[in-house]
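Descriptive structure summary
Listed here are the chains, written in short residue letters.
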Amino acid sequence: MAAAASAAEGVPGRGPSGEVIHLNVGGKRFSTSRQTLTWIPDSFFSSLLSGRISTLKDETGAIFIDRDPTVFAPILNFLRTKELDPRGIHGSSLLHEAQFYGLTPLVRRLQLREELDRSSCGNVLFNGYLPPPVFPVKRRNRHSLVGPQQVGGRPAPVRRSNTMPPNLGNAGLLGRMLDERAPPSPSGQPEEPGMVRLVCGHHNWIAVAYTHFLVCYRLKEASGWQLAFSSPRLDWPIERLALTARVLGGAPGEHDKMVAAATGSEILLWALQAQGGGSEIGVFHLGVPVEALFFVGNQLIATSHTGRIGVWNAVTKHWQVQEVQPITSYDAAGSFLLLGCSNGSIYYVDVQKFPLRMKDNDLLVSELYRDPAEDGVTALSVYLTPKTSDSGDWIEIAYGTSSGSVRVIVQHPETVGSGPQLFQTFTVHRSPVTKIMLSEKHLISVCTDNNHVRTWSVTRFRGMISTQPGSTPLASFKILALESADGHGGCSAGNDIGPYGERDDQQVFIQKVVPNASQLFVRLSSTGQRVCSVHSVDGSPTTAFTVLECEGSRRLGSRTRRYLLTGQANGSLAMWDLTTAMDGLGQTPAGGLTEEELMGQLEQCELAPLASSRGSFPSPSPRASLTSLHSASSNTFLSGRRASPSPPQAEARRRGGGSFVERCQELVRSTPEPRRPPTPAPRPSTSIGTPLIPHKKALNETSF
């Protein structure tokens with residue numbers, strides 16, 4: 001009689017298989033038999049009803065389970081009929097609930113469904129996969145020196161290769177990949193020497209930087225990508241990477257292929273051999289932290305926000321350092337290097353004439369233009385038009401300022417002596433401009449307001465920018481890309497959103513929403529339209545990416561191909577064919593992320609308190625997204641993207657109150673489920689340009 005009374009009240013206990021069990025799942029009542037719940041051994045329900053798991057009962061005596069009742073309904077139906085009926089429930093949600101309840105047969109069936117839609121060979125855009133390289137054990141030669149160095153006419157200090165950069169502690173240990181304990185990073189998190197930190201490409205070469213070494217690959221027409229160079233083990237983590245594989249207009253020589261790495265104030269340079277291998281050129285010291293590292297022709301350029309610029313010339317083997325105003329932006333076009341500074345001035349250096357015009361060890365840094373309002377030049381873009389004359393090129397320069405202004409100036413060949421003239425001004429941003437791009441057809445600017453993008457159509461006459469009708473507004477959207485609050489130094493440089501592509505072609509943004517995402521969204525820089533989305537074939541998070549314009553083969557009818565290169569947390573490198581994606585653009589129009597896709601991405605991390613970014617001065621680093629995240633722990637994730645908003649939330653959304661991220665945080669806080677198993681990113685679509693999840697409602701002008 002006691003057992004019968006216990007069964008009637010739904011209290012767990014050992015009773016007959018036909019007794020009725022009453023459940024309260026997330027506020028919704030369910031009734032079923034003990035046999036239905038316990039036919040799968042070692043499941044959540046068998047443990048619950050055997051007393052191995054403590055229970056919580058509601059006022060009616062039903063067992064309370066704090067889970068989503070909508071997803072529980074098809075799970076209970078499977079336990080009753082052993083048939084799967086999702087009833088419109090998202091597959092990933094159903095899979096994770098089945099994993100929570102420990103229903104092994106259902107988990108296997110759902111995983112098989114996912115495997116049918118996802119292949120380790122990727123989709124039609126997947127072009128190649130390079131496995132993690134062998135980690136070098138040999139350290140660099142501790143006694144390598146460099147050639148002559150000059151700092152303002154005085155010999156510059158030369159650092160030995162075993163000298164640690166300042167404020168890096170014991171960062172010279174290789175880490176657990178070499179059975180050594182890695183030192184903590186400045187954020188207190190352990191280093192990950194096996195992950196790809198930076199990736200860059202030039203022509204048919206690729207450079208990939210890990211924590212303490214780098215490798216280079218070369219594309220051969222018959223055999224594909226081949227490992228061409230692997231550096232020795234370095235004593236410090238790599239934070240900047242630069243590669244040059246061909247000097248345009250120059251004959252192949254000793255230093256026409258080079259790779260450089262930097263951290264802190266130290267720069268290490270190698271010469272690459274076409275047949276494979278490489279040799280160390282030297283170690284150079286800038287004296288201040290290196291913020292940008294790149295090549296202009298065969299000359300290596302290093303800049304710092306403190307106002308110092310360093311140039312290494314392949315002909316004279318000289319390392320020259322020059323003091324300028326604090327540098328906040330830069331761009332190179334042809335042989336010209338332009339520097340935007342915090343005092344509102346734009347300076348230029350003709351690196352082609354260096355060192356022929358070197359006078360008193362001066363780089364001949366000249367002021368080209370000064371902003372009328374003397375606002376800091378925080379973004380810079382130079383476009384050389386096809387129009388040329390005996391006196392020079394027609395140069396067009398677009399720049400953004402710390403106040404949010406976007407200006408276009410032009411330099412006529414006939415008026416070189418009078419300097420550039422102001423052509424057009426836009427004041428559409430209320431936050432500092434972090435990126436700007438002037439191309440043949442478009443003007444694109446990005447500000448610190450969660451990467452808010454404004455674009456204009458550019459009208460040209462005979463290749464030159466025209467005032468009739470001039471630049472006209474085209475689109476407004478956001479490339480939401482959140483950074484980790486505890487990320488390692490240098491990793492943000494490997495996650496630059498772009499825009500990528502040649503200036504006479506359509507350019508793209510690369511969007512990685514959260515730091516640990518394994519899915520990237522490729523979007524047109526001019527309109528924000530989605531080109532495609534790619535998902536890592538091995539499921540590992542994407543830690544770095546870039547776009548490479550790769551030369552076509554010598555075969556008849558071949559053309560230059562555009563590839564997306566993604567470096568993974570496990571050290572591998574994947575390649576995706578963006579040329580094919582661009583060719584299929586427009587067949588199925590799609591915009592940015594839908595709200596459901598965005599919430600699915602945000603479920604992978606924990607949002608930190610939002611800091612105000614308006615009025616803050618942007619960082620001179622390539623990426624300047626000011627919204628931060630904390631990586632989620634293994635057992636705590638955001639949930640509730642399918643929960644319907646409460647009436648106050650809906651009213652707030654109709655009014656448009658608060659920023660977008662604040663509204664997302666409000667939605668997350670309002671969910672009744674503070675803990676749930678992790679939800680992976682949505683599966684990529686195999687069709688080009690098709691959204692992963694259909695739109696639930698029309699979006700506003702600004703998409704995500």
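Residues numbered from 1 in each chain as written. Predicted model: local features only at pLDDT ≥ 70, side-chain atom pairs only at ≥ 80, totals over all residues. Heavy atoms only, no water.

1. A closer look at the nonpolar core
Membership of the largest hydrophobic core comes to 28 residues, with the highest contact counts inside it found for L23, L37, F45, I65, F72, Y101 and L103. Top contributing element to this core by residue count: helix α4 (residues 69-81), with seven residues. Not counting residues up to four positions away in its chain, the partners in contact with L23 are K28, R29, F30, L37, A62, I63, I65 and F72. If you look at the next biggest cluster of nonpolar residues, it comprises 21 residues, including L214, W236, V259 and W270. (Core = buried A, V, L, I, M, F, W, Y, C linked by side-chain atoms within 4.5 Å. Buried < 20%, exposed > 50% of the residue type's maximum accessible area, 1.4 Å probe, protein only. Helix = DSSP H or I, 4+ residues; strand = E, 2+ residues; numbered from the N terminus. Contact = heavy atoms within 4.5 Å.)

2. So, unusual backbone geometry
Each neighbour pair has its own omega, and for G498 with P499 the value is 10°, a cis peptide bond. Among the secondary structure elements, P499 is positioned in the loop between β33 (483-484) and β34 (508-511). Even without glycine at this site, K82 takes up a positive phi of about 60°. With respect to the helices, strands and loops of the structure, K82 is situated in the loop between α4 and α5 (91-101). Although it is not a glycine, E374 adopts a positive phi angle of roughly 55°. With respect to the helices and strands, E374 occurs in the loop between β22 (366-370) and β23 (377-389).

3. Here's the deal with the sheet that holds β22
Taken together, four strands build an open sheet; the order of strands is β19-β20-β21-β22 and the sheet is antiparallel. If you trace the sheet from one side to the other, it starts and ends with β19 (327-333) and β22, each paired once. When strand polarity is set aside, the average angle formed by the axes of neighbouring strands in this sheet is 25°. Pairing geometry for β19 and strand β20 (residues 336-341), over six bridges, is antiparallel. Bridged to D331 within β20 is L338. (Pairing = 2+ DSSP bridges. Axes fitted to C-alpha atoms, helices over the stretch in contact; angles between N-to-C directions.)

4. Concerning the pattern of salt bridges
Inspection of the entire model under this criterion finds 13 salt bridges. Among the ionic pairs, E323 bridges to R308, the shortest N-O distance being 2.6 Å. In this pair, E323 is assigned in strand β18 (residues 319-323) and R308 in strand β17 (residues 308-312), connecting sequence segments 15 residues apart. A salt bridge links D371 to R407; the nearest nitrogen and oxygen atoms lie 2.7 Å apart. Residue D371 is located in the loop between β22 and β23, and its partner R407 is located in strand β25 (residues 406-411); the two are separated by 36 residues in the primary sequence. (Salt bridge = Lys/Arg side-chain N within 4 Å of Asp/Glu carboxyl O.)

5. Details of the sheet that holds strand β36 (residues 530-535)
Strand order across the open sheet formed by three strands is β34-β35-β36, with antiparallel pairing between neighbours. Sheet topology places β34 and β36 at the edges, where each strand pairs with a single neighbour. Going across the sheet, the axis of each strand differs from the next one's by a mean of 20°, ignoring polarity. Bridge analysis of β34 against strand β35 (residues 519-524) gives four bridges, and the strand direction is antiparallel. By the bridge assignment for β35, Q511 is matched with F521.

6. A closer look at the pairing of strand β27 (residues 433-438)
Here β27 lies mainly inside the structure; six of its six residues are buried. Inspection of the sheet shows β27 paired to strand β28 (residues 442-447) by five bridges, in the antiparallel sense. Its bridge partner being in β28, L438 is matched across the sheet by L443.

7. Here's the deal with the side chain of D577
In this fold, D577 is placed in strand β39 (residues 573-577). Residue class for D577 comes out buried when judged on its relative accessible area of 9%. Reaching out from D577, the side chain makes a polar contact with the backbone nitrogen of T579 at a distance of 3.1 Å. In this structure D577 touches L125, N127, R561, R562 and Y563, once residues within four positions along its chain are discounted. (Polar contact = N/O pair within 3.5 Å; in protein donor to acceptor, adjacent residues only side chain to side chain.)

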